[in-house]
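# Inside the fold
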Amino acid sequence: MSLSKLAKETSSADHSELQLDEQGRLRHLLSLRGMDRDLIVALLDRAESFLTQPGQRPVRGKALDGRTVANLFLENSTRTRTSFELAAKRLGADVLNLDLNTSSAAKGESILDTIYTLQAMQVDMFVVRDRQVGTQAIIARNVGAHVNVLNAGEANVSHPTQGLLDLLTIRLHKGNFTNLTVAIVGDVAHSRVAMSAAAGLIAMGVGKLRLVAPPELAPDAVPGADIVTNFDAGIADADVVMVLRIQKERFMDKAGIPDDAEYFRAWGVSRERMKLAADDAIVMHPGPMNRGVEIEGKLADGPASVITEQVRNGVAVRMAVLEMLANNGATG
Ligand code: CP
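This one's a predicted model, so the numbers in the text were calculated from it and none came from an experiment.

### Some remarks on the side chain of T80
Summarising the element assignment, T80 is placed in helix 4 (residues 79–90). Take T80: its relative accessible area is 3%, and that puts it in the buried class. Within the local environment of T80, its side chain forms a polar contact with the side chain of R129, the two groups lying 3.0 Å apart. Filtering out sequence-adjacent residues up to four positions away, T80 remains in contact with F73, R129, A152, H159 and R318.

Here you go:
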């Protein structure tokens, strides 16, 4: 059976049983959906211990000494790929970045045959991004018992390490989740970032979660979240405003892509619009940003923005996840 047919038959809902071993320890990182709160807290606590101030030397460790990590990105990435590489190297791993444009994938080799080839070279951990649903789960079902798979972005379904770094960023600024109103704003329908953030926030007991989108970019129902199609009502009194990129590459109907200027006028998050949010609200964006489309550049660079902190926290979160997988589910 081809990988695309397998992917269609692989439900993203079955990730939680696949990502934990029989003792309930983290075996693969595939999704935040259904993840236990205590496990998330353990990862955030450990990630926090890896943070240093700008200008200080990064924390290093030996948890991945003798291990080999392969980055397989079948979709473009700057932040996720480089931060996984830095995280793995800071924990002592050898790191392979496979260029799939020049690899034998271009000759028709399947992703599973590519995985088996690298596994034969003693790769222990695969970090995988793909535009298809289910690729990471299929790989996790087919690797050796000692091999771990990490989801670095799965279609519009899941981006668990982004969700964790978003949780860490919010926790560092707001302390807890239960009293917070979080608005995730923009192209929610195409956003794996929104889905993982929502799953993580719900697991952490967020006070109110609003998925705020134009009607044509609103998602299907998400239990635990309100779907709001009025921008001003969605952003009102929010403590956290997470802005999403318009994922033009995921539009099935290219004619339906909104005009940039019109989108900014109607749905761009600006300093003016942020006056509706709480006075001390923070502004987040997973990157890459389209300045002047979904977010005003001066807001992205201004005092409410925590966007560069999200990037910094991404390395720490990925260190925590890699370490936990290397330690058979234990932190530290
Ligand atoms: N946020 C995020 O996933 O960014 P990249 O696509 O650059 O990895």
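### Some details on the sheet that holds strand 7 (residues 226–228)
One open sheet holds the 5 strands; their spatial order is 7-6-5-8-9, and the pairing between them is parallel. Single-partner strands in this sheet number two, and they are strand 7 and strand 9 (282–284). Neighbouring strand axes in the sheet, compared pairwise and without regard to direction, differ in orientation by 20 degrees on average. In this structure, strand 5 (residues 181–185) lies alongside strand 8 (residues 240–243), joined through 4 bridges in parallel fashion. In the strand pairing of strand 8, A183 is matched with V241. Contacts between helix 7 (residues 160–174) and the sheet are confined to strand 8 and strand 9, with strand 9 contributing the most and set at about 170 degrees to the helix.

### Notes on the pattern of salt bridges
Throughout the structure, instances matching the rule amount to 13 salt bridges. A salt bridge links D232 to R273; its shortest N-O distance comes to 3.3 Å. Of this pair, D232 sits in helix 9 (residues 231–235) while R273 sits in the loop between helix 10 (260–267) and strand 9, and the two are 41 residues apart along the sequence. Relative accessible area serves as the criterion here: at 38%, D232 is assigned to the partly exposed category. Note that R265 is salt-bridged to E262, the shortest N-O span being 3.0 Å. Of this pair, R265 and E262 both sit in helix 10, separated by 3 residues, roughly a single helical turn.

### Considering the domain arrangement of the protein chain
Domain parsing of the protein chain yields domain 1 (3–155 + 312–327) and domain 2 (160–301). For domain 1 and domain 2, the distance between their C-alpha centres works out to 25 Å. Counting residues at the interface gives 31 residues for domain 1, matched by 21 residues for domain 2. Across the domain 1 to domain 2 interface the summed buried area is about 2,100 Å²; carbon plus sulfur atoms make up 65%. Inspection of the domain 1/domain 2 interface yields 3 salt bridges. Salt-bridge contacts for R192 lead to E75; the nearest nitrogen and oxygen are separated by 2.9 Å.

Definitions and cut-offs
- Residues numbered from 1 in each chain as written.
- Predicted model: local features only at pLDDT ≥ 70, side-chain atom pairs only at ≥ 80, totals over all residues.
- Heavy atoms only, no water.
- Helix = DSSP H or I, 4+ residues; strand = E, 2+ residues; numbered from the N terminus.
- Buried < 20%, exposed > 50% of the residue type's maximum accessible area, 1.4 Å probe, protein only.
- Polar contact = N/O pair within 3.5 Å; in protein donor to acceptor, adjacent residues only side chain to side chain.
- Contact = heavy atoms within 4.5 Å.
- Pairing = 2+ DSSP bridges.
- Axes fitted to C-alpha atoms, helices over the stretch in contact; angles between N-to-C directions.
- Salt bridge = Lys/Arg side-chain N within 4 Å of Asp/Glu carboxyl O.
- Domains from an automatic or database assignment.
- Buried area = accessible area lost by both parts, 1.4 Å probe.

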